[in-house]
Amino acid sequence: MKRLTLIFSLVCWHLVTLAQDPVYKSIDKTSGLPSNTIYDIFQDADGFMWIGHDKGLSKYDGFRFIHYQNEEQRGRPISNLLQDNTGKIWCQNFVGQFFYIENDSLKYCKQIEPTGMYSPAGMLGGNTLVSVGANVLRYLNTESMTYTQKSINGFSTSHFTFSNENYYYFFNKNTGELIISDVTGNLRAENAPLRSDYFFVLPLKSGTHYMPKYPDNEDNLINWSKEKTVFKFPNKTFIQNARIINDSLMAIVTSTGFYLFADSFEPTSTSDFHFFKGKNTSTITQDSEGNWWIGTLNEGILFVPNLTTRRNFENQSFTAIRTNKRNNSIFIGTANNQVLEYSHKSNELKTLFSNELNQEVITIFYDSASEDIGYASNNVYFYPKNKKAIIKEGSIKDIHKLDNSHYIVAASGFVGIYSNDKNDVKNKWINAYKDLGSFIGTDSVQFRLNNKEVRARALAITEDVVYVATTNGLLAYSLNGQTEIKYKGKSVIAADLESYKNTVYAVSFNDGLLKVEDGEIKKIFAPDQNTVAGIFKLKIVKDIAWMLTENNLIAYDLKENTIKLIDQTTGLPMDDLRDFSIMNDTVFMVGNKGLVYFSATISSVSEVKPNLIINSLIANRNKKDLSDKITLSSNENDIVINYSVIGYKAGNNIRVEYNINNSEWRLLENNNRELRLASLAPGNYSIGLRAGNYHTTGTKQVQINFIISKPLYLEVWFISLSLTLLFIFIYLHYKQRLAKIRYQNKLETNRLELEKELQQSLLASIKAQMNPHFIYNSLSSIHAFVYSDDKENAIKYLDRFSELTRKVLELSGHESILLSEEIELLETYISLEKMRFGETFQSSITCSDNIDVHFVRLPSMIIQPFVENAIKHGLLHRKGHKQLNISFTREKNDILITIEDNGVGRKTSGELKSNKNKKHASFSISANKKRLELLNAKKKNTIGLLIVDKTNEMGRGIGTKVLINIPTQFS
């Protein structure tokens, strides 16, 4: 095998870091913050963070930013954030304009005239905004918005004022006095020890302190009450801000980080009181959860959950770690095949081993007794003290020392034993497994315990057993052979093993913390899957089992059976943490962003429960006032509840649930802050919301109530009115329907009566046609022909008489007949009358060419009665030539029938026949007229009848003309 070139020395290079900064998360433009230039940070009473920056004002709830601007702003940068008793947020830009947040909108305060320069204001008593102007001290009552001012002769504004809840401090440069105002406007003056143009006034419990903006050897931090300098800042320090934190700490913010002092101005720690030395910090605050928010002038906000959790070598990627208690140092493996040694006390990092192959270090071995050291990356490297290095191929995952001359390794493919002395190859393990295992080729240094492939990942050794965690289960190698140890009959897939006080402990991705006792596995700790995701590293120190997971660190007390959870809420970074170790009560962790360390006695996960706040309720895109009782119309049923969860430590590790009308709690997605309820039915709604960390119980339930009104058609009064109207409508409809039925019944009765009368009229017409006189006359004519032995005419007359009788009876059953049938009937009837009257009787029937006799229909037997009357009452009494003319003509849409005779006329006929056939005549005429009335009943187009008496110059009757007008659409 080609020997690799190695660099090995006690000290190859040193890296002395200038900053061991606390672990922080950046909140900047990439997070949604409009600007990375921060001037002020403030937490309001509800927990929201307000940020004054170079682009204006923003509100932050840990999830999203809301930005505010006002069109009257003369300058965009905002600072000097305050809150009054009414909840309004006050701020000021750098030209002296004051603004405030009300109803989630930035409003301009016109009562305070801008001075053209920036001088911080104070909020006294919770409702009085105090600020300085040219020769005046200005007071604004933020509740009533009333403004007053107090003149001060010879006064000029100061950039550096300070205030607390009770007093407002500012410096009069003209007189060299410190002016102190209370909420009522009472003033008192004190002589100041400094006459510098720019300095800070810090009234603390330990006395009033003065601090110049540019400290030097002559002017520095002075306790004026004791007349002594209490702290000297390094030369060229530029102080940008000073804040009192929780009435107990003083933070001095500079262009090279910030200093944190106790109230007495003693450093909070003998070594750690200057933080973020490489950052240009501008402001600082601590929120209600204990998180630190540090504003910078070029890097946004540094969010620090815990100042005691530190990070070093942030730009390097570390992969493995092992403690060196002999030297109080730690060995660190890197992603580029180096092994480094780090001294926590001196903060020095030196290179021990470096390899030209760019492979990450997987594990590091160190035996403090023999000072043997080794590590595995692409190969395994052993460096026994005072012996030649051993380098072997193999993907090694774990290394332990078996005895003074042998190492045992867990590899991807085998479990092997390496000897560091070729002259002392044999040991009891190799002898015990000589039949099962084998040396690798002719290499007497490398021995495999099993010829079968075993994918091993971790080892633990007791006095007489070697335990191996493999991908197929937990194996135990003893001098008597190999066995698998199972848990409740199932193979245990362990991620890591640890031997502690001759007992082997294991961690499993799914089963938690286990231990092997009397050849059996017992479960000690089973993590909540919502809290812990995949344990993969285990270390046991001082009866505490430390377990590294994908998102936190668990400390389990084996004696007390208690658990401590360390995650991002206690400052643990959300990096790709790979390994950890514990030394001198300090936990060291390595990952892709260097080295993280903190005290092993660090507090558990913060029990500060997230605070859920309902911001707005939007119904159909219309925002509703939460201060009023919310009543919505029936169509306002698409609801969006916008909420915030104040839990900055928890970050994304927040569980939000909701219920409706005390129903079962349902989990909301954590990728937004909205609850959407679509198409809700009318009714009363009580929406409950609660939030919590996955490892704590939920917060107190937050409730929002609203009513969705019923539609108009579901209201009681509307239903009652509708039922009443419906009843009235049904009643009227029933009444109308009943009247209609009665009317229809009446019409039907009338129709039946008309049909009855029509039938009677038709029978009367038949009777008129077939009257006894006609039959008698016809039979007499037949008799005469027979008597005169005129058999031919008798037979002919009898044939025509029977034909006429048949046609009358046949056509009487139809309401209408063709004109051709009517003409045929008339011709038959007239022919009989001609045979009776002789040659003196002449007739004619004519029809216009524009009339289709085979298409036009007429009421049946409507003409024959008038022809009969013309013959019997007109022509019968005329002597000499008798003429009867019948014509059919078309006039527009009507058929005009003309029946004309040259008889004696109706008047003469009436006189002659006054004593004969009186009843028959009146019956025939009246029946015909009655039938016409029935036919015309309720018809739009009616049959017209006109009888004209023809007379001569002497007034004597010379005939009759009957005109019948029948519409073609009549039938």
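Small disclaimer: the values here were computed from a predicted structure and weren't measured. (Residues numbered from 1 in each chain as written. Predicted model: local features only at pLDDT ≥ 70, side-chain atom pairs only at ≥ 80, totals over all residues. Heavy atoms only, no water.)

Draft legend 1. Quick peek at the overall build of the protein. When its secondary structure is counted, the protein shows eight helices and 76 strands. Within the span of the protein, comprising 971 residues, buried residues form 50% of the whole. Within the protein, counting contacts between residues at least 6 apart in sequence, those at least 24 apart form 54% of the total. For the protein, the computed accessible surface area is about 47300 Å², with 48% contributed by carbon and sulfur atoms. (Helix = DSSP H or I, 4+ residues; strand = E, 2+ residues; numbered from the N terminus. Buried < 20%, exposed > 50% of the residue type's maximum accessible area, 1.4 Å probe, protein only. Contact = heavy atoms within 4.5 Å. Areas by Shrake-Rupley, 256 points an atom, 1.4 Å probe, with all protein chains shown as cover.)

Draft legend 2. Fine view of the confidence of the model for the protein. Looking at the protein, the pLDDT average stands at 84 and 87% of residues meet or exceed 70. Segment residues 1-18: pLDDT under 50, and 45 contacts once partners within four positions in sequence are set aside and those in other chains are kept. For residues 918-922, every residue scores under 50 in pLDDT, and the model assigns this stretch five contacts once sequence neighbours within four places are set aside. (pLDDT = per-residue confidence, 0-100.)

Draft legend 3. Region of interest: the sheet that holds strand β11 (residues 105-108). Spatial strand order, β8-β9-β10-β11: four strands in an open sheet with antiparallel pairing. Only two strands of the sheet have a single partner each, and these edge strands are β8 (78-83) and β11. For this sheet, the mean angle separating the axes of adjacent strands, direction not counted, is 30°. Two strands pair when backbone bridges link them, and strand β10 (residues 98-102) and β11 are joined in this way by four bridges, in the antiparallel orientation. (Pairing = 2+ DSSP bridges. Axes fitted to C-alpha atoms, helices over the stretch in contact; angles between N-to-C directions.)

Draft legend 4. Broad picture of a nonpolar patch on the surface. A contiguous nonpolar patch, built from Leu-712, Trp-717, Leu-721, Leu-725, Phe-727, Ile-728, Tyr-731 and Leu-732 and spanning about 860 Å² of accessible area, is present on the exposed surface. Note that Leu-725 resides in helix α2 (residues 716-769). (Patch = residues over 30% accessible without salt bridge, like charges linked within 9 Å, V, L, I, M, F, W, Y side chains within 5 Å. Salt bridge = Lys/Arg side-chain N within 4 Å of Asp/Glu carboxyl O.)

Draft legend 5. Up close: the environment of Asn-642. With respect to the helices, strands and loops of the structure, Asn-642 is situated in strand β64 (residues 639-646). Exposure remark for Asn-642: the relative accessible area of 14% places this residue in the buried category. Separated by 33 residues in sequence, Asn-642 and Leu-675 place their C-alpha atoms 6.6 Å apart. Here Asn-642 is in contact with Arg-64, Ile-613, Ile-614, Asn-615, Ser-616, Arg-673 and Glu-674, once residues within four sequence places are set aside. A distance of 2.6 Å separates the side chain of Asn-642 from the side chain of Arg-64, its partner in a polar contact. (Polar contact = N/O pair within 3.5 Å; in protein donor to acceptor, adjacent residues only side chain to side chain.)

Draft legend 6. Spatial organisation of the pairing of strand β24 (residues 239-245). Of all the seven residues making up β24, five are buried; the element is thus mostly covered by neighbouring parts of the structure. Two elements, β24 and strand β25 (residues 249-254), share six bridges in a ladder whose sense is antiparallel. Residue pairing in the sheet places Ala-242 in a bridge with Ile-252 of β25. Connecting the antiparallel pair β24 and β25 is a turn made up of three residues, with Asn-246 showing a positive phi of about 55°.

Draft legend 7. Focus on the UniProt feature "transmembrane region" (unreviewed entry) in the protein. Per the UniProt record, the feature "transmembrane region" (unreviewed entry) sits at residues 712-734. Taken end to end, residues 712-734 has its terminal C-alpha atoms 27 Å apart, with 83% of it in helix and 0% in strand. (UniProt positions renumbered as here; feature names shortened; annotations may be inferred.)

Draft legend 8. Expanded view of the sheet that holds strand β69 (residues 702-708). Strand order in the open sheet made by the five strands is β63-β69-β68-β65-β66, with mixed pairing throughout. Looking at strand neighbours, the two that pair on one side only are β63 (630-632) and β66 (666-667), the edges of this open sheet. Taken together, the seven bridges between strand β65 (residues 654-660) and strand β68 (residues 683-693) define a ladder with antiparallel strand orientation. By the bridge assignment, Ile-660 is partnered in β68 with Ile-687.

Draft legend 9. Broad picture of the packing of helix α4 (residues 791-811) against helix α5 (residues 819-837). Relative orientation of the contacting elements α4 and α5 amounts to 145°, with a least axis distance of 10 Å. Considering how the two elements wind past one another, α4 and α5 form a crossing that is left-handed. Residues Asn-793, Lys-796, Tyr-797, Arg-800, Phe-801, Glu-803, Leu-804, Lys-807, Val-808 and Leu-811 of α4 form the contact with α5, whose own contacting residues are Glu-821, Glu-824, Leu-825, Thr-828, Tyr-829, Ser-831, Leu-832, Met-835 and Arg-836. Broken down by class, the residue content of the contact of α4 with α5 amounts to nine nonpolar, three polar and seven charged. (Left-handed = near helix turned anticlockwise from the far one by under 90°. Nonpolar A, V, L, I, M, F, W, Y, C, P; charged D, E, K, R; others polar.)

Draft legend 10. Structural detail: the environment of Thr-309. Structurally, the position occupied by Thr-309 is in the loop between β30 (301-304) and β31 (310-312). Once residues within four sequence positions are removed from consideration, Thr-309 is found in contact with Asp-21, Pro-22, Val-23, Thr-570, Gly-571, Val-596, Tyr-597, Phe-598 and Ile-602. A distance of 3.3 Å separates a polar side-chain atom of Thr-309 from the backbone oxygen of Thr-570.

Draft legend 11. Just the pattern of salt bridges, in detail. Tallying each qualifying case throughout the model produces 29 salt bridges. Put simply, Lys-559 and Asp-543 hold a salt bridge, and the shortest N to O gap is 3.1 Å. Residue Lys-559 is found in the loop between β56 (553-557) and β57 (562-566), and its partner Asp-543 is found in the loop between β54 (537-541) and β55 (544-548); the two are separated by 16 residues along the sequence. Given the relative accessible area of 14%, Asp-543 is considered buried. For Arg-690, the salt bridge is made with Glu-657, and the minimal N-O distance between the two is 2.8 Å. One end of the pair, Arg-690, is in strand β68; the other, Glu-657, is in strand β65, and 33 residues separate them in sequence. The structure contains a network of salt bridges with shared partners spanning Arg-326, Glu-371 and Lys-385.

Draft legend 12. Focus on the packing of aromatic side chains. Inspection of the entire model under this criterion finds 39 aromatic pairs. On the basis of an interplanar angle of 90° and a centroid distance of 6.5 Å, the ring pair of Phe-233 and Phe-261 is categorised as edge-to-face. Here Phe-233 is found in the loop between β23 (228-231) and β24, whereas its partner Phe-261 is found in strand β26 (residues 257-262), with 28 residues between them in sequence. Accessibility classification places Phe-233 together with Phe-261 in one group, the buried group. Between Trp-717 and Phe-718, the aromatic rings sit 5.8 Å apart at their centres with planes inclined by 85°, giving edge-to-face as the arrangement. On the basis of relative accessible area, Phe-718 is assigned to the partly exposed category, the value being 23%. Above the ring of Tyr-167, the side-chain terminus of Arg-188 is found at 5.4 Å from the ring centroid. One residue, Arg-673, lies across the ring of Phe-63, its end atom 4.4 Å from the ring centre. (Phe/Tyr/Trp six-rings, centres within 6.5 Å; stacked < 30°, edge-to-face > 60°. Lys NZ or Arg CZ within 6 Å of the ring centre and 35° of its normal.)

Draft legend 13. Local environment of the pairing of strand β19 (residues 187-191). Strand direction decides the pairing type here: strand β18 (residues 177-181) and β19, joined by five bridges, are antiparallel. For Leu-178, the partnering residue across the bridge sits in β19 and is Glu-190. Two successive antiparallel strands, β18 and β19, enclose a turn made up of five residues, where Gly-185 displays a positive phi of approximately 95°.

Draft legend 14. Summary view of the nonpolar core. One finds Ile-863, Val-867, Leu-884, Phe-888, Ile-897 and Ile-899 to be the most contacted residues of the largest nonpolar core, which totals 43 residues. Looking at this core, the elements with two or more residues in it are α3 (772-787), α4, α5, α6 (864-875), β73 (882-891), β74 (894-901), α8 (918-936) and β76 (957-967). Per element, the largest residue contribution to this core is nine residues, and it comes from α5. Setting aside its immediate chain neighbours within four residues, Ile-863 contacts Glu-822, Leu-826, Leu-858, Phe-888, Ile-897 and Ile-899. Counting residues in hydrophobic clusters, the runner-up holds 26 residues, among them Phe-48, Leu-57, Ile-101 and Tyr-648. (Core = buried A, V, L, I, M, F, W, Y, C linked by side-chain atoms within 4.5 Å.)

Draft legend 15. Spotlight on the environment of Leu-302. Secondary-structure assignment places Leu-302 in strand β30. Looking at Leu-302, the relative accessible area reads 0%, which means it is buried. C-alpha of Leu-302 to C-alpha of Lys-279: the two residues are 23 residues apart in sequence and 9.7 Å apart in space. For Leu-302, the residues in contact, after removing those within four places along its chain, are Tyr-24, Lys-25, Phe-276, Lys-279, Trp-292, Trp-293, Ile-294 and Thr-296.

Draft legend 16. Summary view of unusual backbone geometry. Within the chain, Phe-313 stands out as a residue other than glycine whose phi angle is a positive 55°. Considering the arrangement of structural elements, one finds Phe-313 in the loop between β31 and β32 (318-324). Under the relative-accessibility criterion, Phe-313 is labelled buried at 7%. The backbone of Asp-518 shows a phi angle near 55°, a positive value even though the residue is not glycine. Within the secondary structure, Asp-518 sits in the loop between β52 (512-517) and β53 (520-525).

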